[in-house]
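The lines below spell out each chain.
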Amino acid sequence: PGGFFVIASLPLTENYTTLLRNIDLQMLTEKIYALEVVATESVKNQACYKVKLIPANGDPGEIIIWISKGEHPTPLKYEMTLPEFNGSTMKAELK
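Visitor: Would you explain the pairing of strand β2 (residues 29-43) in this entry?
Guide: Within a regular strand, the side chains alternate between the two sheet faces. Direction of pairing for strand β1 (residues 17-24) relative to β2: antiparallel, over a ladder of eight bridges. Paired with N22 across the two strands is K31, which belongs to β2. What sits between β1 and β2 in their antiparallel hairpin is a turn of four residues, with L28 showing a positive phi close to 55°. One ladder, built from 10 bridges, connects β2 with strand β3 (residues 46-55); its direction is antiparallel. By the bridge assignment, E41 is partnered in β3 with C48. Once β2 ends, the chain turns through two residues before running back antiparallel as β3, passing K44 with a positive phi of about 55°.

Given below as structure tokens:
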């Protein structure tokens with residue numbers, strides 16, 4: 001999703017945290033997410049920040065994004081837990 005490129009433009013570092021405002025298009029309400037860089041891992045031989053987003057109000061669900069480090073940070077992979085689908089997980093990886 002395109003919003004991950006916005007997250008990639010943040011000044012990410014290890015242990016970076018912030019709050020993000022987003023809109024829930026299904027409920028047409030504002031949703032605030034707590035963002036935290038939780039680790040550094042390798043994806044496709046590229047060093048990446050592992051970024052975790054969870055609803056700040058304690059709602060279920062989470063998003064994990066692996067964003068490459070470097071001059072042009074790019075989301076390479078993500079996993080989303082979807083509580084509205086009984087906790088199913090959606091995964092995608094850049095080819």
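Visitor: So what exactly am I meant to see when it comes to the pattern of salt bridges here?
Guide: Here the idea is simple: oppositely charged side chains can pair when their charged atoms come close. Counting across every chain of the model gives three salt bridges. The salt bridge partner of K50 is E41, with a shortest N-O separation of 3.6 Å. Salt-bridge contacts for E62 lead to K52; the nearest nitrogen and oxygen are separated by 3.5 Å. Here the residue E62 occupies a position in strand β4 (residues 62-68), and K52 occupies one in strand β3, the gap between them amounting to 10 residues. On the basis of relative accessibility, which here comes to 28%, the residue E62 falls in the partly exposed class. For K52, a relative accessible area of 30% gives the class partly exposed.

Cut-offs and rules
- Residues numbered from 1 in each chain as written.
- Predicted model: local features only at pLDDT ≥ 70, side-chain atom pairs only at ≥ 80, totals over all residues.
- Heavy atoms only, no water.
- Pairing = 2+ DSSP bridges.
- Helix = DSSP H or I, 4+ residues; strand = E, 2+ residues; numbered from the N terminus.
- Salt bridge = Lys/Arg side-chain N within 4 Å of Asp/Glu carboxyl O.
- Buried < 20%, exposed > 50% of the residue type's maximum accessible area, 1.4 Å probe, protein only.

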